[in-house]
Amino acid sequence: MFYRTNVMDQAIGVIGLGNMGSNMAATLVRKGFSVCGFDLSSDARGMASERGIECVDDITKLTAKCSILILSLPKAEHVEAVCLGAQGLIHFLPANAIVIDTTTSVPETSRRVGEKLAENDIAFLDAPVSGGPAGAAAGTMAMVIGGDEKIYQSVLPILEAMSRVRVHVGDIGAGNIAKIANNMLAAAHLVTTAEALTLAEKAGVDPEKVLQAINAGSGRSAASEAMFPTWVMNKAYDSGFTMGLMRKDIGLAKDLAQELDLNLPMTLQTEKLWQASSSVISDDKDFCCIAQYTNADLFG
Ligand code: NAD
């Protein structure tokens, strides 16, 4: 399989123009790339168009002009449908095209999709991201990438435009394994931080002060340093990442642990808690609302 050298001259197709995809597309436009977007939702296409992203209403119009595709879809099943389904990329992309999937997805799906696309000489990278819509808009995301090293190097200018840090972690599927491990920790840290602040408050100490203390101490994490100050303590709950997507991610961690026959009790307990919270916190709410499941009075 070949690899490209002049990606700056290639039109890039972005499929999925939601919270992440629309911001990634806008960043690439701002940095001088030629970008074309597609989303099933006409609302999403409309909002992207308003931000200066050229959009098409049919995936074949995208594949007619773009042979580098970035996917930002909710789940693995959407990736499979977009790549291999009846109207899938596999039927329309030319040989030597490259698909960069930034969806947080199932590693096994990444491998299966990658193998199928490779039969038509189409390359695939799984490249899930961290940093939320703000990081996507600023081009400061962290990306963990699985796939062929030469393909990774060939699209590096695009990945560099989108991210501050990139870690090429291994073959196809490895990116999603790294991302699932990361999000398992984020899901757990949100809960343990809410519990720590609850403990302090019930013991009569100001939780804001305790959060400051934790962030100067060894208990700190991205949950305590960024998520609680930005989205929880001020009750903003507007991160742009939903409960539903985080429930998916912690579910992926549980599934992977079970597939590998591992005894990871904290992972299982975290997954149980996130699933149980759906009785009071719906999938469309901000993911930081999980703090309210620990203490609705303090964080509600
Ligand atoms: P989102 O729901 O806001 O956007 C997904 C978009 O995909 C929607 O606009 C939807 O209409 C579109 N879509 C669904 N099926 C499609 C199809 N077949 N063809 C074309 N478009 C289709 O989700 P998001 O928050 O942007 O997240 C996207 C991915 O990134 C998810 O896997 C998520 O877990 C991951 N992620 C999100 C964040 C975040 O903070 N939002 C951070 C890191 C990773």
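Before any of the text, the structure's been laid out above.
Parameters and conventions
- Sequence order sets the numbering: in each chain, residues are counted from 1 along the sequence as written.
- Since the coordinates come from a predicted model, pLDDT governs what is reported: local features require at least 70, and pairs of side-chain atoms require 80 or more to be given and counted, while whole-chain, interface and lining totals use all residues.
- Only hydrogens and water are removed before side-chain values are computed, so all heavy atoms of the structure are retained for them.
- Numbering goes from the N terminus for both helices and strands, where a helix is a DSSP run of H or I of at least four residues and a strand is a run of E of at least two.
- As a reference, a globule follows 2.2 Å times the number of residues to the power 0.38, and the radius of gyration itself is taken over C-alpha atoms.
- Each residue is placed in one exposure class: buried if its accessible area under a 1.4 Å probe, protein chains only, is under 20% of its type's maximum, exposed if it is over 50%, and partly exposed if it falls in between.
- Basic side-chain nitrogens of Lys or Arg form a salt bridge, by our definition, when they fall within 4 Å of a carboxyl oxygen of Asp or Glu.

## Concerning the overall build of the protein
- A count of helices and strands for the protein gives 16 helices and 9 strands.
- By the compact-globule yardstick of 19 Å for 300 residues, the protein fits well, its C-alpha radius of gyration being 20 Å.
- By principal-axis analysis of the C-alpha atoms, the protein measures approximately 65 × 45 × 35 Å.
- Expressed as a percentage of its 300 residues, the buried residues of the protein come to 50%.

## Structural notes on the environment of Ala-123
- Assignment of secondary structure puts Ala-123 in strand β6 (residues 123–126).
- Along the primary structure Ala-123 and Ala-97 are separated by 26 residues, whereas in three dimensions their C-alpha atoms are 6.3 Å apart.

## Focus on the pattern of salt bridges
- Per the stated rule, a full pass over the model turns up 9 salt bridges.
- Among the ionic pairs, Lys-61 bridges to Asp-57, the shortest N-O distance being 2.7 Å.
- With relative accessibility at 49%, the residue Asp-57 sits in the partly exposed group.
- Put simply, Glu-119 and Lys-116 hold a salt bridge, and the shortest N to O gap is 3.7 Å. Of this pair, Glu-119 and Lys-116 both sit in helix α6 (residues 107–119), 3 residues apart, which is roughly one turn of that helix.
- Residue class for Glu-119 comes out exposed when judged on its relative accessible area of 57%.
- The class for Lys-116 is partly exposed, based on a relative accessible area of 38%.

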